[in-house]
Amino acid sequence: MTAIFTPSMADTYTPPIHPKGSQARVLLTSVFGPYAQDDEYGSRTINPMELYHNQVTRVQGPFSLRMFHRSWGLMLIQANIGAPCTLLDFPKLDRFIHEITTNHYDVVGISSIMPNLGKAQKMCELIRQHLPEATIVVGGHVAGIPDLNQRIDADHIVKGEGIRWMRRFLAEDEDAPIRHPRILSGIGTRNMGITLRYRTGDVAATLIPSVGCPMGCNFCSTSAMFGGKGKCIHFYETGDELFEVMCQLEKEMQVNSFFIMDENFLLHRKRALRLLALMIENNKPWALYVFSSANVLRSYTIEQLVALGISWVWMGLEGKDSQYAKLHGIDTHQLVRTLQSHGIRVLGSTIIGLEEHTPANIDAAIEHAVSHNTEFHQFMLYTPAPGTPMYDEHLIMGTLLDSSEISEADIHGQYRFNYRHPHIKPGQETEFLLRAFDRDFEVNGPSIIRVMQTTLKGWQRYKNHPDSRIRTRFEYEIRELATTHAGAIWATIRWFRNHPLLSAKFSTLLKDVYREFGLKSRLAAPVVGRYIYSMLKREERRLSRGWTYEPPTFYQTRQMITANT
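Quick caveat: nothing in here was measured; it's all calculated off a predicted structure.

### A few points about the overall build of the protein chain
Phase 1 of the analysis: The number of helices and strands found in the protein chain is 20 helices and 18 strands.
Phase 2 of the analysis: Relative to the compact-globule value of 24 Å for 565 residues, the protein chain shows a C-alpha radius of gyration of 24 Å, a close match.
Phase 3 of the analysis: Here the C-alpha coordinates of the protein chain stretch approximately 70 × 60 × 45 Å along the principal axes.
Phase 4 of the analysis: At a minimum sequence separation of 6, the contacts of the protein chain that also span at least 24 residues come to 76%.
Phase 5 of the analysis: A total of about 23,500 Å² of accessible surface is found on the protein chain, and carbon and sulfur atoms cover 52% of it.
Phase 6 of the analysis: Side chains of the protein chain give 61 positive and 58 negative charges; the mean places of these two sets differ by 8 Å.

See below:
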């Protein structure tokens, strides 16, 4: 019988210990690709393995931000178990089959999201065929599906944090300190037709201090996955612990910026302020990219945010007249403008299909979102993912669609509702969602240029700041603004020459760059710009022919770690 581990069982459920304990050979794998193609296993062209192009910049064509993110949860587990462990990330199906037919493994762990259920099913079948003695463990968001144990042939389904579970399973010390793996925040970054060349220090390190979110929004599958409202799991409880890890990553990866994968990093105020004190004490000009709710952001002064190195923030705007407590009494327009005026870039997130949304008021809701003019804007359908309070509510009301009406592969927030909305007819939500993306792009233009505009604002405000640590960070952030970025703005003006409002907006930005950086930018902009413009046209042609972007396969092996290592 399949065992199911849930957060509520975390303190009482002890998984059976594998007979080989820490001697067991472990394979950890993501589901197989390709990912941006329609196939029999649930992949969808509309749902690529690219966070930004999938959910944020999806209609921006050659201006869309393209990049991939590794399977960070699997990387954390591999780094924190002593057993010999192999990590296979983004394999094609034949590569996965090759791995399980040419190597022996005692444990195979699969991580999957719900839309990839069909792939997880297929992988379990293949493991049973080629490694019949292996124990199959499945985790990730797919574990939220209520009857998953009846739909896949796995021995254990792990819902929640996997490090402690795997350590218990392998008879290891589950309370041992967490070793943080070296993770680049993004790979294969591509924009305006150009794949960026990676240079040491250019890409932020990913830092994962905690998982879960105690805010517990009813639609949040991440919060639900790690215990729900009021709960989260800290890997690093204190600012001192966090600072030590960041110094280690800084040294090993030669980075000065960190993408902090924590659902509401600034909510843990004592830890954040202690980190700030240590950054000041040790003269660290780090840049931090964080997730935060609006009410938590408002609890800090702008001076604290700037000193802490907050350079980019992902913030839920949710919707006009939102009833979520994290937005009560907050003028989100003013908050966004204030952050931007200090050089802090904002990724706003808005929900399409709230209970009050109707065909009559959806345009007003979209205009409210677009009027924030955030650097990036995510639009997602209001979706009751399995395991969330919202899912339970619709289950009780009998409004969920069954498998004959919608496939799990299409429940990802970018296509269809998986329930009957009180005011929106089936199919309308798809058009409303695209309307929101299109309107944001039409009014505010390419996200990458918006980023440059806010970066310039930050530099102009802080270039003469008395604290050299703060000046150093802003100097680093504008290092390409006078040359490469000036060329990108020049090319964008030409691209939108038949769009008077955007053309004028970006022309003003380029003039501001010229005034700030002088002859250097005036000479560089047209030279670099002509090249970028040609790459934009080339990229547009490729996209029109149906070109898709796929991540490379990663294969990492690690032998047994002994207690003295």
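Structure's up, so let's keep going.
### Digging into the pattern of salt bridges
Phase 1 of the analysis: This model, assessed by the stated rule, comprises 30 salt bridges.
Phase 2 of the analysis: Salt-bridge contacts for Glu-539 lead to Arg-190; the nearest nitrogen and oxygen are separated by 2.6 Å. Taken together, the residues Glu-539 in helix 20 (residues 519-544) and Arg-190 in strand 8 (residues 187-191) connect sequence positions 349 residues apart.
Phase 3 of the analysis: A salt bridge links Arg-473 to Glu-477; the shortest N-O distance between them is 3.4 Å. Taken together, the residues Arg-473 and Glu-477, both in helix 17 (residues 468-477) and four residues apart, mark about one turn of the helix.
Phase 4 of the analysis: Exposure remark for Arg-473: the relative accessible area of 5% places this residue in the buried category.
Phase 5 of the analysis: Salt bridges sharing partners connect three or more residues here, namely Arg-164, Arg-168, Glu-174 and Asp-175.

### Thoughts on the side chain of Thr-454
Phase 1 of the analysis: Along the polypeptide, Thr-454 turns up in helix 16 (residues 447-462).
Phase 2 of the analysis: Apart from residues no more than four positions distant in its own chain, Thr-454 is found in contact with Gln-340, Gly-343, Ile-344, Arg-345 and Glu-375.

### Focus: the packing of aromatic side chains
Phase 1 of the analysis: Taken as a whole, this structure holds 26 aromatic pairs when the rule is applied.
Phase 2 of the analysis: Seen in terms of ring centroids, Phe-219 and Tyr-382 are 6.3 Å apart; in terms of plane orientation they differ by 65°. Their pairing is edge-to-face. Here the residue Phe-219 occupies a position in the loop between strand 11 (210-211) and helix 7 (221-225), and Tyr-382 occupies one in the loop between strand 17 (376-381) and helix 14 (389-397), the gap between them amounting to 163 residues.
Phase 3 of the analysis: Overall, Tyr-382 belongs to the buried group, its relative accessible area being 3%.
Phase 4 of the analysis: Centroid distance Tyr-289 to Trp-312: 6.4 Å. Interplanar angle 85°. Geometry classified as edge-to-face. Of this pair, Tyr-289 sits in strand 14 (residues 287-291) while Trp-312 sits in strand 15 (residues 310-318), and the two are 23 residues apart along the sequence.
Phase 5 of the analysis: You can call Trp-312 buried: its relative accessible area is 7%.
Phase 6 of the analysis: When the ring centre of Tyr-300 is taken as reference, the NZ or CZ atom of Arg-269 above it lies at 4.5 Å.
Phase 7 of the analysis: Positioned above the aromatic ring of Tyr-533 is the side chain of Arg-494, whose terminal nitrogen or guanidinium carbon lies 4.4 Å from the ring centre.

### Remarks on the state of the cysteines
Phase 1 of the analysis: Under the criterion given, the structure shown has zero disulfides.
Phase 2 of the analysis: Lacking any disulfide linkage, Cys-124 is separated from the closest cysteine sulfur, that of Cys-85, by 17 Å.
Phase 3 of the analysis: A residue is classified by how much of its surface remains accessible, and Cys-124, at 0% relative accessible area, is buried.
Phase 4 of the analysis: Not engaged in a disulfide, the cysteine Cys-232 finds its nearest cysteine sulfur in Cys-213; these two sulfurs lie 7.7 Å apart.

### Looking at empty space enclosed by the protein
Phase 1 of the analysis: As enumerated under the stated definition, the model contains two cavities of 30 Å³ or more in all.
Phase 2 of the analysis: By volume, the second largest cavity is sized at about 60 Å³.

### Some words on the layout of surface pockets
Phase 1 of the analysis: Quantified by volume, the largest pocket comes out at close to 1,600 Å³.
Phase 2 of the analysis: Looking at the largest pocket, it is lined by 43 residues, and the ones nearest its centre are Thr-189, Leu-196, Asp-202, Arg-479 and His-485.
Phase 3 of the analysis: Where the lining of the largest pocket is concerned, the elements lending two or more residues are strand 8, strand 9 (194-195), strand 13 (257-260), strand 14, helix 16, helix 17, helix 18 (484-495) and helix 20.
Phase 4 of the analysis: Among the residues making up the lining of the largest pocket, the classes are represented as 25 nonpolar, 11 polar and seven charged.

### Considering the sheet that holds strand 17
The strands making up a sheet associate through hydrogen bonds between their backbones, and the pairing can be parallel or antiparallel.
Phase 1 of the analysis: With parallel pairing, six strands are arranged side by side in an open sheet as 10-13-14-15-16-17. Edge positions in the sheet fall to strand 10 (205-207) and strand 17, since each has one partner strand and no second. When the angles between neighbouring strand axes are averaged without regard to direction, this sheet yields 20°.
Phase 2 of the analysis: The pairing of strand 13 with strand 14 spans three bridges and is classified as parallel. By the bridge assignment, Ser-257 is partnered in strand 14 with Ala-287.

### Looking at the nonpolar core
Phase 1 of the analysis: Within the largest apolar cluster, 113 residues are counted, with the highest numbers of intra-cluster contacts made by Leu-266 and Leu-288.
Phase 2 of the analysis: Ranked by residues supplied to this core, first place goes to helix 19 (residues 500-517) with seven residues.
Phase 3 of the analysis: Among all residues touching Leu-266, those that are not within four sequence positions of it are Ala-272, Phe-291, Ser-292, Val-296, Leu-297, Tyr-300, Leu-305, Leu-308 and Ile-310.
Phase 4 of the analysis: Listed in part, the 33 residues of the second largest apolar core include Tyr-35, Val-108, Ile-152 and Tyr-549.

### Focus: the environment of Gly-458
Phase 1 of the analysis: By the element assignment, Gly-458 lies in helix 16.
Phase 2 of the analysis: In this structure the C-alpha to C-alpha distance between Gly-458 and Trp-165, which are 293 residues apart in sequence, comes to 44 Å.
Phase 3 of the analysis: Not counting residues within four places of it along the chain, the set of residues in contact with Gly-458 comprises His-342, Gly-343 and Phe-474.

### Regarding the sheet that holds strand 9
Phase 1 of the analysis: Read across the open sheet, the three strands follow the order 3-8-9; overall the sheet is antiparallel. At either margin of the open sheet sits one strand with a lone partner, and together these are strand 3 (66-68) and strand 9.
Phase 2 of the analysis: Strand direction decides the pairing type here: strand 3 and strand 8, joined by two bridges, are antiparallel. Residue pairing in the sheet places Arg-66 in a bridge with Arg-190 of strand 8.

What counts and how
- Residues numbered from 1 in each chain as written.
- Predicted model: local features only at pLDDT ≥ 70, side-chain atom pairs only at ≥ 80, totals over all residues.
- Heavy atoms only, no water.
- Helix = DSSP H or I, 4+ residues; strand = E, 2+ residues; numbered from the N terminus.
- Rg over C-alpha atoms; globule rule 2.2 N^0.38 Å.
- Contact = heavy atoms within 4.5 Å.
- Areas by Shrake-Rupley, 256 points an atom, 1.4 Å probe, with all protein chains shown as cover.
- Lys, Arg positive; Asp, Glu negative; His and termini not counted.
- Charge placed at Lys NZ, Arg CZ, Asp CG, Glu CD.
- Salt bridge = Lys/Arg side-chain N within 4 Å of Asp/Glu carboxyl O.
- Buried < 20%, exposed > 50% of the residue type's maximum accessible area, 1.4 Å probe, protein only.
- Phe/Tyr/Trp six-rings, centres within 6.5 Å; stacked < 30°, edge-to-face > 60°.
- Lys NZ or Arg CZ within 6 Å of the ring centre and 35° of its normal.
- Disulfide = S-S within 2.5 Å.
- 1 Å grid on protein atoms, 1.4 Å probe; cavity = no way out; pocket = protein on both sides within 12 Å on 5 of 7 lines; lining within 4 Å.
- Points joined across faces, edges and corners; volume = space filled by probe spheres on them.
- Nonpolar A, V, L, I, M, F, W, Y, C, P; charged D, E, K, R; others polar.
- Pairing = 2+ DSSP bridges.
- Axes fitted to C-alpha atoms, helices over the stretch in contact; angles between N-to-C directions.
- Core = buried A, V, L, I, M, F, W, Y, C linked by side-chain atoms within 4.5 Å.

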